[in-house]
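What the coordinates show
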Amino acid sequence: MISHKRNPPIGSSPGTFAIPAASPKPVITLIDYNADGMVERVIDDPSEIPPYLDTESVTWVDVEGMGDEALIRRVGEIFGLHPLALADAVNIPQRPKADLYDTFQLIITRLARINPHDADVETEQVGIFLGKHFVLTIQERSGDVFDPVRARLRAGAAALLKGGPDYLVYALVDTVVDGYFPVLEQLGEYLEGVEQHVFEQPHPSQLRDIYHGRRQLLELRRAIWPQREAINSMYRDDDNPFVSDHVRMYLRDVYDHTVQIIDMTETYRDLASNLMDIYLSAVGQRTNEVMKVLTVMSSIFIPLTFIAGVYGMNFDYMPELREPLGYFICLLFMAIVAGVELAYFRRKGWLGSTRRSDHQAGAAHRTREH
Amino acid sequence: MISHKRNPPIGSSPGTFAIPAASPKPVITLIDYNADGMVERVIDDPSEIPPYLDTESVTWVDVEGMGDEALIRRVGEIFGLHPLALADAVNIPQRPKADLYDTFQLIITRLARINPHDADVETEQVGIFLGKHFVLTIQERSGDVFDPVRARLRAGAAALLKGGPDYLVYALVDTVVDGYFPVLEQLGEYLEGVEQHVFEQPHPSQLRDIYHGRRQLLELRRAIWPQREAINSMYRDDDNPFVSDHVRMYLRDVYDHTVQIIDMTETYRDLASNLMDIYLSAVGQRTNEVMKVLTVMSSIFIPLTFIAGVYGMNFDYMPELREPLGYFICLLFMAIVAGVELAYFRRKGWLGSTRRSDHQAGAAHRTREH
Amino acid sequence: MISHKRNPPIGSSPGTFAIPAASPKPVITLIDYNADGMVERVIDDPSEIPPYLDTESVTWVDVEGMGDEALIRRVGEIFGLHPLALADAVNIPQRPKADLYDTFQLIITRLARINPHDADVETEQVGIFLGKHFVLTIQERSGDVFDPVRARLRAGAAALLKGGPDYLVYALVDTVVDGYFPVLEQLGEYLEGVEQHVFEQPHPSQLRDIYHGRRQLLELRRAIWPQREAINSMYRDDDNPFVSDHVRMYLRDVYDHTVQIIDMTETYRDLASNLMDIYLSAVGQRTNEVMKVLTVMSSIFIPLTFIAGVYGMNFDYMPELREPLGYFICLLFMAIVAGVELAYFRRKGWLGSTRRSDHQAGAAHRTREH
Amino acid sequence: MISHKRNPPIGSSPGTFAIPAASPKPVITLIDYNADGMVERVIDDPSEIPPYLDTESVTWVDVEGMGDEALIRRVGEIFGLHPLALADAVNIPQRPKADLYDTFQLIITRLARINPHDADVETEQVGIFLGKHFVLTIQERSGDVFDPVRARLRAGAAALLKGGPDYLVYALVDTVVDGYFPVLEQLGEYLEGVEQHVFEQPHPSQLRDIYHGRRQLLELRRAIWPQREAINSMYRDDDNPFVSDHVRMYLRDVYDHTVQIIDMTETYRDLASNLMDIYLSAVGQRTNEVMKVLTVMSSIFIPLTFIAGVYGMNFDYMPELREPLGYFICLLFMAIVAGVELAYFRRKGWLGSTRRSDHQAGAAHRTREH
Amino acid sequence: MISHKRNPPIGSSPGTFAIPAASPKPVITLIDYNADGMVERVIDDPSEIPPYLDTESVTWVDVEGMGDEALIRRVGEIFGLHPLALADAVNIPQRPKADLYDTFQLIITRLARINPHDADVETEQVGIFLGKHFVLTIQERSGDVFDPVRARLRAGAAALLKGGPDYLVYALVDTVVDGYFPVLEQLGEYLEGVEQHVFEQPHPSQLRDIYHGRRQLLELRRAIWPQREAINSMYRDDDNPFVSDHVRMYLRDVYDHTVQIIDMTETYRDLASNLMDIYLSAVGQRTNEVMKVLTVMSSIFIPLTFIAGVYGMNFDYMPELREPLGYFICLLFMAIVAGVELAYFRRKGWLGSTRRSDHQAGAAHRTREH
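Residues numbered from 1 in each chain as written. Chains lettered and ligands numbered in written order. Predicted model: local features only at pLDDT ≥ 70, side-chain atom pairs only at ≥ 80, totals over all residues. Heavy atoms only, no water.

**Brief notes about the interface of chain E and chain C**
To keep it simple, the criterion reads: Two residues qualify as a contact provided that any one of their heavy atoms is within 4.5 Å of a heavy atom in the partner residue. Buried area: the sum, over both parts, of the accessible surface (1.4 Å probe) that disappears when the two are put together. Basic side-chain nitrogens of Lys or Arg form a salt bridge, by our definition, when they fall within 4 Å of a carboxyl oxygen of Asp or Glu. Polar contact is the term for a pair of N or O atoms within 3.5 Å; when the atoms are in protein, one must be able to donate a hydrogen and the other to accept it, and sequence-neighboring residues count only if both atoms are side-chain atoms.
Listed by partner, the interface residues are 69 residues for chain E and 69 residues for chain C. For the pairing of chain E and chain C, the buried interface totals around 6,300 Å² over both sides, and the portion due to carbon and sulfur atoms is 61%. The residue Lys 97 of chain E makes a salt bridge to Asp 256 of chain C at a minimum N-O spacing of 2.5 Å. There are 14 residue pairs in polar contact (both at pLDDT 80 or more) connecting chain E and chain C.

Here it is as structure tokens:
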């Protein structure tokens, strides 16, 4: 689950691509719009793009999949992208960031979602290039993450159609960032489930659950922290020629969301770490309880067994054995010894405590059956 | 207890509302005042508000409950609020912050109080809009948190009536922040109670108590930290057109209170974490004590039982069994073995230590009965 | 021991007093001095103060005790103090700080001392107002903390008499800050005592001792950190009209002392936390040792007892029982079994380790008897 | 493995060399190139270098090995290096840094690689001097780390040949930094291997493995953090006369890589620390399980043995012994006692839990056999 | 070992001396040099100093020991030192710092060395005053720490003789800072020794060793951190009239060394803390192993003993006892019970694990005997 960097070979030229082998063939979708309306089409050949770029309208080209280096490079040339910037977008995983170039702004973001198969958090890189009149998005895999934005465009949402490419980028980044909330909610529920079990019935499998949750949170944290920095740098920089003051205010809102996500992530991390403590101490407590039972049983019966052993000896001359009431006196003596010990353990609270926690376990049982 | 973000659907337009379903219908109260006096009335229709806004007097509109999106939007239009700002105020939970817009200042604060039913800390969002001549407050639920301020207005408190809307906002924020002190005091008493019990009689239920306390503190910390930043940004920013220099000094005082609250929260967190250590070591100590009893009992009686077992064997020729004093010599020998072992354990301090801690437990008992 | 904030009721006007009920009636002492000499008298009525304020000489008014709100308010009016500032000085506990007002500088400091009755650290608030020609100090309780400064004034110390009110404030703050050193020294000795005991003979009562030490350090830390900030802000601010450049150099010295105190506090905290680790591991080690004794004893005698049990069985036909040397062979066999086990445990180092630590405990005993 | 500083003797003049004794004799390679092509030769005598330095072409002198102080000093004189800078390059280990001198820029970097013999991380210092027309690299040992760059030069890579010495330095530093990725990948795989084992079958040897991994990460962290600072200072400083704006953009890319490496290092450190927790709790859990088996066995059989002991006593008058069915009633009673205890333990979940974890261990077994 | 501040009495005048009682009588050495040569003499009376101060040559006065307040004050007057600065130099311990005064620069540094008697780290304060033409050093005790510098002066080292007093101060501070490297090396070797032992044979005495190492590192850290700040402030401050640009570059080098020392200290602290974890878990592991032996032994023999006990009962009618082969069938049954249990424990890995770690302990034994 730890993402390994599959970098280009060490010492290779800057701008070398290292596209993951599993990345599918690119599918290119073009949307061109202005306040009057929009055109949407799937592009087979990048050479269909330039005519759209020459107009004043906003051109959004979405590339899903990276499995064709030559195609990607041609797209990059059409948009006039710096080779380093293009390499950043396709070399996965890249740390999220916002880099300003002369003719465009590069934003590397990272989606988070729950993998429906194994319920694990998985992240996916999305590169966004923002130019004066265009937006280019490059996604690792084909997916439907930007569908809500497309739907709003198709529905003729005025704010989007009238907004420039920077407003579109805001809408895309907002979509990416808001995608963290349901992931965090699910993790929160997961942890609360574990929490309830840890208190009710500590079990080694919970250790694995807590560890699993911590790893997921680590993953999320690694993805969201640099995005906060990236968005912050975009909305703080007054001189950025690609972001208007109007959109800057919206970016502040996205920034607030990243801060809130970080907040929640840290709170959950704190919780998971507390849970670990609880689990450990619950195990220690259980050991203690087990010990008490052993000690009480042993301490009571070992001396009694010794007494029985004494009168089981075969010495010729053992006067007690001849006593008519010897056996009953012996049993009485044993009962007294056991009684004294029981009283001692009760005073120490070892019997009571065991009983109380027993009662508790029973209560926990009832709760689980609800 | 972990607050989940119930955000609008991902990818929806900015400014979409996501009002919690449980939020009650809004009740709108309007207070209009200047140095000469005040008017207070409950408003049924937002259209009653504009006449008050056109005057120089301070108009404070308090909306309690959010369960009517259309109504809230109409109020927002009357005050000329940016859709993002309005959405921040009603989309719960929002991270506390202070955002400056062209025609108003938005402050998101978060109340803390002890829920009287389960004695848990609960927080509630309050959005405050501060304009040139108005203050608009939007509360999640209806409550009486601002009643002391209203009472001071009704009582004709000169400082409030003569102060502008910024002074009113100061009074409201001050009320919100000061509400953390009794919550912290109660948590402090709670922890001191747990502390006393942990030392006297460590019990698994205390684990849950400490964990509970830590979660409450985590909750408080998440609420108060961003408020410190928000208030700081308001009192530091000399160019803020909505806050006068006069009120800035009062905001510094509120800022000092948030710092003091954070201080106390961190101190309590430190204490709770120390308590956890104490609990864990107390459990370890108890295990140790239980072990000692078991070891002393077993080590003394197991060898004795072995001796008894030897003389319980049925070999035909066992000379000792025929000795007239054999039985008594055997008992004497057992007594010597037990005595040597007792001396050994006493020298190791295992008997003494047990006794001392026993004495301690007794002392603890007495203390609890006071 | 955790100081609770006993704030004025929530939502009350700014400047409301919340004087602790236990605070004694104020005793007001006035000292007026210049390079030529000094006058010292106890004031019964605040109206006696103004004549002194009108002169160029330095007027130091010391109010000990706060148990008379009207009196304190009158003193505040005489010195022209802002109500918020005066409330900060009497509302206890306030976080130490240095606030600059138009006509005076407010400094909230916090004394630390060892309570002679229970040897606990206790802190006490002192509010200092520094004006152009006056110094006003308000203390929670009557005490003799400023006596050395008064003594130096009486003795005609030139530096004090010739220095302005800012030099007097420096002398007072220096006295407050230097009071932390003996407290820290005592805590250091306390911790070293605990350290020695933990190594010699870990005992549950040490847990309480360490916890106690940590709380005291937490208390000290909460008091000294904000004082560092406060003094720093005073000596850094070149524009502060109440502090001359001459005195600024002395304040740097006080600042260095606060940094040194924080340093020591953090070092002691580190030590106390290490001690906790040591204690915990010592307990674990002891459990281990106890276990070894139990295991060695049980593992040796339980099999032997079993053998004895076998030959105690009453089967009609057990050939060994009839052997003339059966008993002795049986004993020999038992000795061999015991010997093999002893050798095994010795090879595992369980016997040696026990002995070594036994020796250690003995050495510790000797050390304690010195 | 902890690198010790083998500094020159204390108090010796600045610029004193302290070359590690093991460092081999220097081998000097010179590459001189411009857009038109390149010359490459091995240099025997430093006096062959100056003619190349006088031209406008880029001269790259690579010194591998430091085992000849006089030679190194002569090279330093030829390039006009400050004695302190030269000493920094050869006194090993030096903390990575970027120092700007009047006539050159000194960069101390640190390679990381996996030692093929013991699979440990090892780091090696490389000093880089960047002048107006030259690059001088000094390596601790001879190695092939810069071969890819040399190969690109030989292959006539236009970007390199046309770029100035600053572009060459970028290529070298990029090579050094990218070398951390495979090291981290290998460490990541190592930790994942340990992780799997810890969950399946905790064993003391894993402790050593985790500790080993943590030390390697500590080593990497110490090496990469200062390099981030160094590269940052180079790309941020607009006034640096040795780095063109063109190359500055490339340095930003290298900087991003260092940040990504630090990110991964910290994530792995977090993982390793979590693993430690898991291991510790797994051991605690195992102890708990062992205890349960002991307790169940002892608690069931010790009372039964006592009963058997009672009827093994030799009292003359023990009525039960005479009962014809006494023996069978006694056995039945024993069975009931055992049954009650078993039911008690089952209710406590001690039998179930043991079985469940047993099942788990079995599952783990199967996984390992895959 | 924790250094206590033995401050002047609280509230005493600034500049009061609090010289440690153990400090020896001062020995004053004067060295006066310029590019042409040097004069060195021991001074009996401070009045011999002024003639040297009046010349342009560099005058270095070294005062070793502080046990004569009047003498020190006279020296201070001759050099025109501010009383606060002089007090800082002799009041021990002072936090290292660099304070700029009008006519001189005060530098408080702190030597570290290994005490040859108890192998503990000990630190010693050195105060350095740097004026336009003089350097005054005040040492707590007489020592030979500056001998290498003196030797270089005597040997006519051109850099020193031609450098101004700031270069001499650089040489002195460099000597002080470089003295930390051998101390750290020794601590590193110490920790590696402990590390090896912890893995081989955990023993309670190692706890004390680790704790000891941590305290030493705490001590070093407290001494070196403020020196980094002090040196940093001196080399950053362009306006400092006492430090030339030439020497500033050398100070950067010393600064780099302090950073490297801090780096090493933190790495060692990390290591020591990891070692603690290792030790604790090794103890837990050992307890686990001991438990296994006990459990295996008890679980096997306790049921067997019970069986033996059953057939040792004296019931009149026990049919098995009459069987001719009863005894042998009974023995066989016992063997089967023991065999089943052994198989169970082997499947649980308790026998194997014990054996493996036994093997390991043996391996460790061999390693130690090397």
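**Notes on the packing of helix H8 (residues 204–236) of chain E against helix H9 (residues 245–310) of chain E**
All names here are of chain E. Inclusion rule: Lines fitted to C-alpha atoms define the axes here, with helix axes fitted over just the stretch in contact, and angles between the N-to-C directions of these axes take values from 0 to 180 degrees. Note on conventions: DSSP H or I runs of at least 4 residues are helices, E runs of at least 2 residues are strands, and numbering of each starts at the N terminus. Working definition: roughly parallel below 35 degrees, roughly antiparallel above 145 degrees, roughly perpendicular at 65 to 115 degrees, and oblique for all remaining angles. A crossing counts as left-handed when the near helix is turned anticlockwise from the far one by less than a right angle, and as right-handed when that turn is clockwise. Gly counts as polar in this scheme, as do all residues outside two lists: the nonpolar Ala, Val, Leu, Ile, Met, Phe, Trp, Tyr, Cys and Pro, and the charged Asp, Glu, Lys and Arg.
Where H8 contacts H9, the axes come no closer than 9 Å and their chain directions differ by 160°. On the basis of their axis angle, the class for H8 and H9 is roughly antiparallel. Between H8 and H9 the crossing geometry is left-handed. Residue composition of the contact of H8 with H9, grouped by class: 21 nonpolar, five polar and seven charged.

**A short note on the side chain of Ser 23 of chain C**
Residue and element names in this part refer to chain C. With respect to the element layout, Ser 23 can be found in the segment before strand S1 (27–34). Within polar-contact distance, the side chain of Ser 23 engages the backbone nitrogen of Met 66 at 3.0 Å. Polar contacts involving the side chain of Ser 23 include one to the main-chain carbonyl oxygen of Glu 140, which spans 3.0 Å. If we ignore the near neighbours within four places in the chain, the residues touching Ser 23 are Gly 65, Met 66, Gly 67 and Glu 140.

**Re the relation of the copies chain E and chain C**
The cut-off we apply is this: The least-squares superposition of copies is restricted to C-alpha atoms, and to residues with a pLDDT of at least 70 in both copies.
Of the transformation placing chain E onto chain C, the axial shift is 0.0 Å and the rotation is 72°, giving an RMSD of 0.0 Å. Between the two chains, the operation in question is that of a five-fold axis. Among all C-alpha atoms of chain E, that of Gly 312 of chain E lies closest to the rotation axis, at 4.6 Å.

**Remarks on the sheet that holds strand S5 (residues 105–114) of chain D**
One key point about sheets: their strands pair by backbone hydrogen bonds, in either a parallel or an antiparallel sense. Residues and elements named next belong to chain D. Applied cut-off: For two strands to be treated as a pair, DSSP must find at least two bridges joining them.
Taken in spatial order, the seven strands make up an open sheet running S2-S1-S3-S7-S6-S5-S4, and their pairing is mixed. Single-partner strands in this sheet number two, and they are strand S2 (37–43) and strand S4 (97–100). Going across the sheet, the axis of each strand differs from the next one's by a mean of 15°, ignoring polarity. Looking at chain direction, strand S6 (residues 121–130) and strand S7 (residues 134–139) are connected through five bridges and run antiparallel. What sits directly across from Gly 127, in S7, is Ile 138.

**Quick word on the relation of the copies chain D and chain E**
Overlaying chain D on chain E yields an RMSD of 0.1 Å, the required transformation being a rotation through 72° with an accompanying axial translation of 0.0 Å. A different interface surface on each copy is seen, since only 14% of the contact residues of chain D are contact residues in chain E too.

**Observations concerning helix H2 (residues 69–78) of chain D**
All names here are of chain D. Quick note on the threshold: Residue burial is assigned from relative accessible area. The probe radius is 1.4 Å, only protein chains are included, and a residue is buried under 20% of its type maximum, exposed over 50%, and partly exposed in between. Throughout, the arc means that of the directions going from the helix axis to the C-beta atoms.
Within H2, burial applies to Leu 71, Ile 72, Val 75 and Gly 76. Summarising the axial view, the buried residues of H2 lie within an arc of 140°, below the 170-degree limit, and thus occupy one face. Residues of H2 that are buried in the fold lie against strand S1 (27–34), strand S3 (58–64), helix H3 (83–90) and S7. Following H2 by one or two positions, Gly 80 has its phi on the positive side, about 65°.

**Concerning the interface of chain D and chain E**
With 69 residues of chain D at the interface, the matching set in chain E holds 69 residues. For the chain D face of the interface with chain E, the top three residues by lost area are Ile 10, Tyr 211 and Tyr 327 of chain D, together amounting to 12%. Where chain D touches chain E, the interface holds ten salt bridges. The residue Asp 316 of chain E makes a salt bridge to Arg 322 of chain D at a minimum N-O spacing of 2.5 Å. Taken together, the links from chain D to chain E amount to 14 residue pairs in polar contact (both at pLDDT 80 or more). Every element with two or more residues in the side of chain D that touches chain E is listed here: H3, S4, helix H8 (204–236), helix H9 (245–310), helix H10 (319–322), helix H11 (326–347) and helix H12 (350–369) of chain D. At 20 residues, H9 of chain D tops the list of elements feeding residues into the side of chain D that touches chain E. Its residues assigned to classes, the side of chain D that touches chain E shows 35 nonpolar, 17 polar and 17 charged.

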